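Okay, here's what each chain looks like letter by letter:
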Amino acid sequence: MRNEKRESHLVWRGAAILTGAALLVKLMSALYRLPYQNFAGDVGFYVYQQVYPFYALAVALGSTGFPIVISKYMAETNGQSGQDKASVQRHALLALLILCGLFFAVLFFFARPLTVIIGDRQLTNLIRIAASIYLFVPIIAILRGTFQGDKENMLPTALSQIGEQATRVLFILGVSWSLFVNHGNAYQFGFAATAGSAFAPLVSMVILMLFLPGKGAFFKNIFGQVTAPVNWPLVKELIVSGCLFSILALPLLLFQLIDSLTVLRLLEKAHLALPRAEKGIYDRAYQLTQFGMIAAASLTAAIVPRLAQLASLRRKRAYQLEATLALKVSLAFGAAAAAGLMSISREVNIMLFRNANGTLAFSIAALTMLTLSLILTASGILESAGKPWIPFYFLLIGSCVKCVGNYLLIPRLSIAGAAAATCLGTAVTAVLCLRYLRCVQLTKRLSWKTLAKLSISIIGMTGAVLFWKIGMMHWSASLAPRPFAAVTALFGAIIGGLTFMTILYFVHYLDKRDWSRLPISSYRKTFRRSDKKMIGISGKSRKL
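Conventions used here
Residues numbered from 1 in each chain as written. Predicted model: local features only at pLDDT ≥ 70, side-chain atom pairs only at ≥ 80, totals over all residues. Heavy atoms only, no water. Helix = DSSP H or I, 4+ residues; strand = E, 2+ residues; numbered from the N terminus. Core = buried A, V, L, I, M, F, W, Y, C linked by side-chain atoms within 4.5 Å. Buried < 20%, exposed > 50% of the residue type's maximum accessible area, 1.4 Å probe, protein only. Contact = heavy atoms within 4.5 Å. Phe/Tyr/Trp six-rings, centres within 6.5 Å; stacked < 30°, edge-to-face > 60°.

Student: Please provide a residue-by-residue account of unusual backbone geometry, values included.
Tutor: At H183, a residue that is not glycine, the phi angle is positive and equals roughly 60°. Here H183 shows up in the loop between helix 6 (155-181) and helix 7 (186-211). Phi at R354 is positive, roughly 80°, even though this residue is not glycine. Relative to the elements of secondary structure, R354 occurs in the loop between helix 13 (345-353) and helix 14 (359-365).

Student: How would you summarise the nonpolar core if you had to cite specific residues and measurements?
Tutor: If you look at the biggest cluster of nonpolar residues, it comprises 126 residues, and the most contacted ones within it are Y36 and I127. In terms of residues, this core owes the most to one element, helix 1 (residues 2-76), which gives 22 residues. Apart from residues no more than four positions distant in its own chain, I127 is found in contact with V51, F54, L107, A111, L114, T115 and I118. Membership of the second largest hydrophobic core comes to six residues, among which are F136, I140, L143 and L208.

Student: Now, about the packing of aromatic side chains: what can you tell me, with residues and values included?
Tutor: A complete count under the given rule lists 20 aromatic pairs for this structure. Measuring from centroid to centroid gives 5.8 Å for Y282 and Y286, while their planes differ by 75°, and the two rings are edge-to-face. A residue pair is termed a helical-turn pair when its members lie 3 or 4 positions apart in one helix, as Y282 and Y286 do in helix 11 (residues 275-312) at four residues. For the residue pair Y282 and Y286, the accessibility class agrees, reading buried in each case. Within the aromatic cluster, the residues linked to one another by ring pairs are Y36, F45, Y48, Y52 and Y55.

Student: Tell me about the environment of I390, and name the residues and values.
Tutor: Considering the arrangement of structural elements, one finds I390 in helix 16 (residues 389-413). Sequence separation of I390 and S379 is 11 residues, and the distance between their C-alpha atoms is 8.2 Å. Setting aside anything within four residues of it in sequence, one finds I390 in contact with L382 and Y436.

Any link to function would need more than the numbers given here.
This is the structure:
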């Protein structure tokens, strides 16, 4: 019994460490882009965003997908011989070398044809630099997977992720500041950002190696069995599972990749004067969705271990209630984030990016904060139920909708059409995920009363923000445009958030059962017990 409790404690402690590190990494990723865009300008930001999806895929493979799969196989060999663990590591390394070698070869040797498809041949060297990231992924993923699965030690993985991202952010901002002072061009800014992303994995590798005991024995076990027979079905399974979990960790990645390959050419066909700058303006919206995904990712990370535990215990009723609650919370905060950003989109655009260019596309893209929130939560529920392929298939369908939407809408609506296509693609994915959850009875149907309560809260929040904006118009002449936009946006966000939470509470969007299942209920009980103990102690002291 004690061993079971200890193992459960280790699992939750490890999940908390990895979740905290992932959230910090996402926060740094979202924040550094703001000063970078201000230094580099719209065209400089466009240059980096064109290459970013290739970097993001490498990070997903080395940080999420393969470490999860390797740790799973390593954990299953616990109690077995060291030869079995070394065999898992050897096959995982082979799978990663094949996959990452393929990605490196395609991006490095076919960078020129790829830039022809994109429509900007000046990106060739940047794509080749981005390709070098895949050379570090195999060793990094093996080390992280070994720590997570064999040693049940999540700290090296967490510290390596934080160290890599901090190095990358500091390098990009430092070099960008230098280029800004020395009037660097847009492609120099893009080169600096891509180079920083390319060498940062070295820091991650060094941190992981510092935590690795018996380094010689570790590499001898992996490379010392070169002549041993290869289990090719296992290699195939590792590749497929690693890619699957990598894509599910970053659902927006497929949509960003489609934009990188199609938007510029479609904007040029629309005969815009500055298509690269227009693409850079469109890419602003992705920065804000990063913030929305932080909340959704934290919710997903919190619910998956609990739901997986309930699934293993076959507690269907409890599982259904927990999963439905997760969807209710995700829907509420995703809808609030989307409606709130739409209400102050112009002010946020000016505050962060110095002008109001692309505000319409910005407003439309805000809706993806709702759809992505639902996709992440639904994917987490389906993963915990042992159905990870389902959200992946739905993501592919949504990506096809996005691709068709780009070709149909961008020639007519410019970047607003691209934003609308993203919303449409993510909405299709979210709806398919939610319908499947209902069909297999993993969640309960949300009643019309619940949706009405949420609608009232959203309307009240939007009304409060609009009243605030009207009141601020009297002060528009006394402040410069950017400070005025900052004051309006920041206080508007606070007013809107407080209004939303207040109305949501008073209309009882979450009932008593929901509140009892939230983590804060356990803190309430703890505080109540401590208060009773304090009262009892004070009573005894009076008697004495």
